[in-house]
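Geometric and topological summary
Each chain is listed here by its residues.
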Amino acid sequence: MNILDIGVDIIEIDRIKKIVDKNEKFLKRFFTIKEIEYFRGKGFKYETIAGNFAAKEAISKSIGTGIRNFNLKDIEVLRDDLGKPIVKTYNNLNQIYLY
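To start, this report covers the structure provided alongside it. All values derive from a computational prediction rather than experimental measurement.

**Looking at unusual backbone geometry**
What is expected of a backbone is that most residues other than glycine have negative phi and most peptide bonds are trans. Positive phi outside glycine occurs at Phe 44, with the angle close to 50°. Residue placement: Phe 44 occurs in the loop between α3 (33-41) and α4 (46-62). Residue class for Phe 44 comes out partly exposed when judged on its relative accessible area of 32%.

Following this line, the structure appears as structure tokens:
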């Protein structure tokens, strides 16, 4: 998948904290198993979860569709050994054409 634009997103860490604390299904609904394992390795820090959530939203903005015809689990944000974000896409997101 080629990204032809730039997307930016910010999110309040406290907002993510409240959602995670209140809704035990939040992580499983929006993050892949590998992302949840990454969060576990980071001690489930709210800023780490918020960073991944904001990255997913920024990626959805960069493809120009927002979150339409796919869900946030179709975007996986992991890190390489140096901490650089690595993005993988799955399912319907791989079929969206960029103009």
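**Things to note about the environment of Thr 48**
Positionally, Thr 48 belongs in helix α4. Between the C-alpha atom of Thr 48 and that of Ile 13, which follows or precedes it by 35 residues, the distance is 8.9 Å.

**Remarks on the pattern of salt bridges**
Going through the model one piece at a time under the given rule, you end up with three salt bridges. The partner of Lys 17 in a salt bridge is Asp 21, with the nearest N and O atoms 3.0 Å apart. Placement of both Lys 17 and Asp 21 in helix α1 (residues 13-22) is noted, with a separation of four residues, approximately one turn of the helix. Close ionic contact of Lys 56 with Glu 35 constitutes a salt bridge, the shortest N to O distance being 3.0 Å. Taken together, the residues Lys 56 in helix α4 and Glu 35 in helix α3 connect sequence positions 21 residues apart. Accessibility assignment for this pair places Lys 56 and Glu 35 in one class, buried.

**Examining the nonpolar core**
Core analysis: the biggest nonpolar cluster contains 14 residues, and Ile 16, Phe 26, Leu 27, Phe 31, Ile 49 and Phe 53 have the highest contact counts within it. Breaking this core down by element, the ones donating at least two residues are α1, α2 (26-30), α3 and α4. Here the element with the most residues in this core is α4; it accounts for four residues. Residues within four places of Leu 27 in sequence aside, it is in contact with Val 20, Ile 36, Phe 39, Phe 44 and Ile 49. Formed by five residues, the second largest nonpolar core is a distinct cluster that contains Ile 59, Ile 63, Ile 75 and Val 77.

**Notes on the packing of aromatic side chains**
Tallied over the entire structure, the rule returns seven aromatic pairs. Between Phe 26 and Phe 53 the ring centres are 5.9 Å apart and the planes differ by 35°, which places this aromatic pair in the tilted class. Placement of the pair is Phe 26 in helix α2 and Phe 53 in helix α4, with a sequence separation of 27 residues. Each ring, one from Phe 30 and one from Phe 53, has its centre 5.8 Å from the other, and the planes form 85°; the classification is edge-to-face. Highlighted residues: Phe 30 in helix α2 and Phe 53 in helix α4, separated in sequence by 23 residues. Neither Phe 30 nor Phe 53 differs from the other in exposure class; each is buried. The rings of Phe 26, Phe 30, Phe 31, Tyr 38, Phe 39 and Phe 53 are connected pair by pair, giving a single aromatic cluster.

Rules of the game
Residues numbered from 1 in each chain as written. Predicted model: local features only at pLDDT ≥ 70, side-chain atom pairs only at ≥ 80, totals over all residues. Heavy atoms only, no water. Helix = DSSP H or I, 4+ residues; strand = E, 2+ residues; numbered from the N terminus. Buried < 20%, exposed > 50% of the residue type's maximum accessible area, 1.4 Å probe, protein only. Salt bridge = Lys/Arg side-chain N within 4 Å of Asp/Glu carboxyl O. Core = buried A, V, L, I, M, F, W, Y, C linked by side-chain atoms within 4.5 Å. Contact = heavy atoms within 4.5 Å. Phe/Tyr/Trp six-rings, centres within 6.5 Å; stacked < 30°, edge-to-face > 60°.

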